[in-house]
Amino acid sequence: MKKLISIVLILAISAVCCSCSVPLNNQHFSKSFSELFDTVSTITAYDTDEKAFNEHYKVFYERLKQYHELFDIYDEYDGINNLKTLNSKAFKAPVEVDERIIELLEYGKEIYKISDGKTNICFGSVLSLWHTAQKTKKLPDENELREAATHTDINSLVINKEKKTVFFKDKHLKLDVGAIAKGWVAREICEWAKDNLWTSAMLSLGGNVCTFGFKNNDSQTKWNVEIESPNENDKKGVAIISVHDISVVTSGDYQRYFEKDGKRYCHIINTETLYPSDYMHSVSVICQDSALADALSTTLFNMSIEEGKALIEKTDGAEAVWVDNEYNTVYSSNFREYIVSA
């Protein structure tokens, strides 16, 4: 499970003008919604008029809803086998699923290798104990955590791409794709929307910001995104960055957490310690690939800043900024090139 940190979107666009002087497709419209992926999301896009935008939005929303239902680990829906179905039945026999689930799980296996196991979609048995802890404000039992960790082997996840089936070799294995799903969905739906709906838009899917085209739909003005500070007393934020066809994802310890005996326990769990990571307060990743940005933000949060910088430096097209436990800001080598204000 991973709830991504909200990123404030800076549009700074003048009021919509409906006169004849407004160029075609140069009016922006926005809609926000909170019923998908258990988070608040916003889509801002340029369209010919509000009627056209609303029609396109309906199509966009319905497609996004499909992903929500497919990747839901808590509820099942009529007529589909989703991740909840897999967690309930895949240990008994192979379960046939939508191709998009196959693609996401295959990607999860790739990220497991890239992250050296620090981001593991088969960590659901451990994460479920921490889900409960978030609600009860009571730490999981140490022995239960260790037992749950024995059922997280990603090799127990058997994917048959030809038959589109999934099977668990371990009956106690549980999937939890919270570390990668929103970024993967943001990438897929933005690519689809660019081909079918709009030429320029920004999607914030629970803080996973994905952009395509240019602000103002003018082929030159980049989108501005403000990265929020994890320090509640810092209203300035970490930085305002200027991006085009780029995604921005933040992971942190300051929005979803609970406190016990004066210690904060965030929602991002370290796969080695089985406890919430405490290397830093936040890390934000810039990357053209929203799915990779999402996965990297979790991975970097689960390692020291020094280790994280080494990983980012060898990952083409990715940059990052960290806020350490003393609220100091640390940049990867080329991150400053995106900053317009800090």
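As the structure is a prediction and not an experimental result, all values here were calculated from the model.

A. Broad picture of the nonpolar core. The biggest cluster of nonpolar side chains holds 74 residues, and the ones touching the most others in it are Phe 71, Leu 86, Leu 105 and Trp 198. The biggest single contributor to this core is helix α6 (residues 181-196), with eight residues. Discounting chain neighbours no more than four positions away, the residues touching Phe 71 are Leu 83, Arg 100, Ile 101, Leu 104, Val 177, Ala 181, Trp 184 and Val 185. By size, the runner-up hydrophobic cluster in this structure holds 17 residues, among which are Ala 239, Val 248, Ile 286 and Tyr 331.

B. Structural detail: the confidence of the model for the protein chain. Averaged over all residues, the pLDDT of the protein chain is 91; the fraction at 70 or higher stands at 92%. Across residues 1-23 the pLDDT falls below 50, and counting only partners more than four positions away or on other chains, this stretch makes 71 contacts in the model.

C. Quick peek at unusual backbone geometry. One non-glycine residue with positive phi stands out, namely Lys 164, at about 60°. As for its placement among the helices and strands, Lys 164 is situated in the loop between β5 (157-160) and β6 (165-168). Given the relative accessible area of 32%, Lys 164 is considered partly exposed. You will see that Leu 274, though not glycine, has its phi angle at about 70°, which is positive.

D. Structural context of the packing of aromatic side chains. Taken as a whole and judged by the stated rule, the model has 15 aromatic pairs. Aromatic side chains Phe 71 and Trp 184 sit 5.8 Å apart centroid to centroid with 70° between the ring planes, which places their arrangement in the edge-to-face category. Within this pair, whereas Phe 71 is found in the loop between α1 (50-70) and α2 (83-89), its partner Trp 184 is found in helix α6, the two being separated by 113 residues in sequence. The buried category is assigned to Phe 71, whose relative accessible area is 6%. In textbook terms, an aromatic cluster arises when at least three aromatic residues are bridged by ring pairs, as seen for Phe 29, Phe 33, Phe 53, Tyr 57, Phe 60, Tyr 61 and Trp 198. Over the ring of Tyr 107 we find Arg 187, and its NZ or CZ is 5.4 Å from the ring centre. The residue whose ring lies beneath Arg 264 is Tyr 257, and the NZ or CZ to ring-centre distance is 4.0 Å.

E. Main features of the sheet that holds strand β2 (residues 27-33). Strand order in this open sheet of eight strands is β2-β3-β7-β8-β11-β14-β15-β16, and the pairing throughout is antiparallel. Because the sheet does not close on itself, it has two edges, and the strands there are β2 and β16 (329-331). Across the sheet, the mean angle separating the axes of adjacent strands is 15° when strand polarity is ignored. As paired strands, strand β7 (residues 201-205) and strand β8 (residues 208-212) are joined by five bridges and run antiparallel to one another. Residue pairing in the sheet places Ser 204 in a bridge with Val 209 of β8. Taken strand by strand, α1 contacts β2, β3 (41-47) and β7, and its axis lies near 35° from that of β2.

Thresholds applied
- Residues numbered from 1 in each chain as written.
- Predicted model: local features only at pLDDT ≥ 70, side-chain atom pairs only at ≥ 80, totals over all residues.
- Heavy atoms only, no water.
- Core = buried A, V, L, I, M, F, W, Y, C linked by side-chain atoms within 4.5 Å.
- Buried < 20%, exposed > 50% of the residue type's maximum accessible area, 1.4 Å probe, protein only.
- Helix = DSSP H or I, 4+ residues; strand = E, 2+ residues; numbered from the N terminus.
- Contact = heavy atoms within 4.5 Å.
- pLDDT = per-residue confidence, 0-100.
- Phe/Tyr/Trp six-rings, centres within 6.5 Å; stacked < 30°, edge-to-face > 60°.
- Lys NZ or Arg CZ within 6 Å of the ring centre and 35° of its normal.
- Pairing = 2+ DSSP bridges.
- Axes fitted to C-alpha atoms, helices over the stretch in contact; angles between N-to-C directions.

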